[in-house]
Amino acid sequence: KQWYQRRVRGSISGWFHAEDAPVVKPKSESFTLFFTPPVESDLDILKSWISLRYLNIEISSEIQEKFQEDSEVSLSEFLNPEKYLALCADMSSMAWLNVGPSNKKKYQVCNKPSQLVAEFNDLIKTDAFAVLLSHLTGLPLSANYDDPDCNDFSDKPFGMMSSQISRWEHGSYSLLCDQEVMNLPDRLHIFYHSEVYDGYDVDAGGYISFISHSDEEPLLVIPPQKNTLSLVFTRTDEFGFTKFINSKMQKPFYCISAQYVARTSNEEQDVGNNSDSSGGN
């Protein structure tokens, strides 16, 4: 006889009645966006970090034209070589923490960066950096940016959301969740990638994919590239996530990300739930 012929099974069936059906509310993480006031800075700090070609007015005008046409641009060799190499050395030696839950995301973050990494993370929060980004995008990211044509692209002032320092390796990913894509305002995504090995291929995953409610195909794919700053503008119905990284990824890479979010008031703006800068980032 087969094993299932020797087993005795019992079952209970019927209807269970109650006056009121229990109401189970989906678990959500309440989150409020706090707009970070820009830290005062000067041009000399930008010169010590950023390639001088991106501080050139003529080049920034060309980049702005491309950005306003495509709503995205990637700036290679963004940091000065000595700063980039020092940044890579520090990131590979820092302590990293896993973040989740796994039904939303899986990657690592650093809450205690080295002094140099913290300096760069602070740099992207300065008003000088906001002015630079305004010249590169045409968006009103700083009160000190005065361009009569900027309102042709967006007529809303932007405030900055806190940044994130992350590490991505085989098995890392981020997902879109229903609660996280509701009521999000227009926003500018900032991604700075480092330590991406030569020969990286998108088949390994790890790229940031942007989608919308109305399109079946991705609107845009941003692959990680070493020493590259990627800027992406999204509307309220456009969202990003990081594709699962498979075994083809040869080594980890790092990303410093942030967002500028369109403001509806001078105070904080409640947008429902946490939304990662990584496009799930």
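Cut-offs used in this document
Residues numbered from 1 in each chain as written. Predicted model: local features only at pLDDT ≥ 70, side-chain atom pairs only at ≥ 80, totals over all residues. Heavy atoms only, no water. Salt bridge = Lys/Arg side-chain N within 4 Å of Asp/Glu carboxyl O. Buried < 20%, exposed > 50% of the residue type's maximum accessible area, 1.4 Å probe, protein only. pLDDT = per-residue confidence, 0-100. Helix = DSSP H or I, 4+ residues; strand = E, 2+ residues; numbered from the N terminus. Contact = heavy atoms within 4.5 Å. Expected span 1.5 Å × (residues − 1). Arc of directions from axis to C-beta. Phe/Tyr/Trp six-rings, centres within 6.5 Å; stacked < 30°, edge-to-face > 60°. Lys NZ or Arg CZ within 6 Å of the ring centre and 35° of its normal. Core = buried A, V, L, I, M, F, W, Y, C linked by side-chain atoms within 4.5 Å.

A. Fine view of the pattern of salt bridges. For the coordinates displayed, the defined rule picks out 6 salt bridges. The salt bridge involving Arg167 is made with Glu169; its shortest N-O contact spans 2.9 Å. Taking relative accessible area as the criterion, Arg167 reaches 15% and is therefore assigned buried. The structure contains a network of salt bridges with shared partners spanning Lys66, Asp70 and Glu72.

B. Structural view of the confidence of the model for the protein chain. Taken as a whole, the protein chain shows an average pLDDT of 82; of its residues, 74% reach a score of 70 or greater. Mean pLDDT in the protein chain bottoms out at strand β13 (residues 269-273), which sits at 41, and peaks at strand β2 (residues 72-75), which reaches 98. A low-confidence stretch, residues 26-33 stays under pLDDT 50, and its non-local contacts, those more than four residues away or across chains, total 23 contacts. In this model, residues 265-275 is a region of pLDDT below 50 whose contacts with residues beyond four sequence positions or in other chains number 37 contacts.

C. Layout of helix α3 (residues 57-70). Over its 14 residues, α3 runs 20 Å from end to end, which matches the ideal 20 Å to within 8%, given 1.5 Å per residue. Buried within α3 we find Ser60, Ile63, Gln64 and Phe67. Across the axial projection of α3, the buried residues extend over an arc of 105°, all falling on one side. Away from its buried face, by an angle of more than 90 degrees, α3 presents the exposed residues Glu58, Glu62, Glu65 and Glu69.

D. Up close: the environment of Cys88. Examined against the element boundaries, Cys88 turns out to sit in helix α4 (residues 81-91). For Cys88 and Phe253, which are 165 residues apart along the polypeptide, the C-alpha to C-alpha distance reads 9.4 Å. Ignoring anything within four residues of it in the chain, the contact list for Cys88 reads Ser194 and Glu195.

E. Representation of the packing of aromatic side chains. In this structure the tally under the stated criterion is 9 aromatic pairs. Aromatic pair Tyr173 and Phe244: ring centres 6.2 Å apart, planes at 40°, arrangement tilted. Of this pair, Tyr173 sits in strand β6 (residues 173-174) while Phe244 is found in the loop between β11 (238-242) and β12 (253-262), placing the two residues 71 residues apart along the sequence. For Tyr173, a relative accessible area of 14% puts it in the buried group. Taking relative accessible area as the criterion, Phe244 reaches 41% and is therefore assigned partly exposed. Above the plane of the ring of Tyr54 lies Arg53, whose end atom (NZ or CZ) is 4.9 Å from the centre. Across the ring face of Trp49, the terminal group of Lys83 is positioned such that the distance to the ring centre comes to 4.4 Å.

F. Quick peek at the nonpolar core. Residues Phe78 and Phe129 are the most contacted members of the largest nonpolar core, which totals 43 residues. Per-element accounting of this core gives the leading share, 6 residues, to helix α6 (residues 127-137). Excluding residues that lie within four positions of it along the chain, Phe129 makes contacts with Leu46, Ile50, Phe78, Leu123, Ile124 and Leu229. Judged by nonpolar contacts, the second largest core, of 18 residues, contains Trp168, Tyr200, Ile208 and Phe210.

G. Layout of α6. Burial analysis of α6 places 10 of its 11 residues in the buried class, the great majority of the element. For α6, the set of buried residues is Asp127, Ala128, Phe129, Ala130, Val131, Leu132, Leu133, Ser134, Leu136 and Thr137. Once α6 finishes, Gly138 follows within two positions and takes phi at roughly 85°, a positive value.

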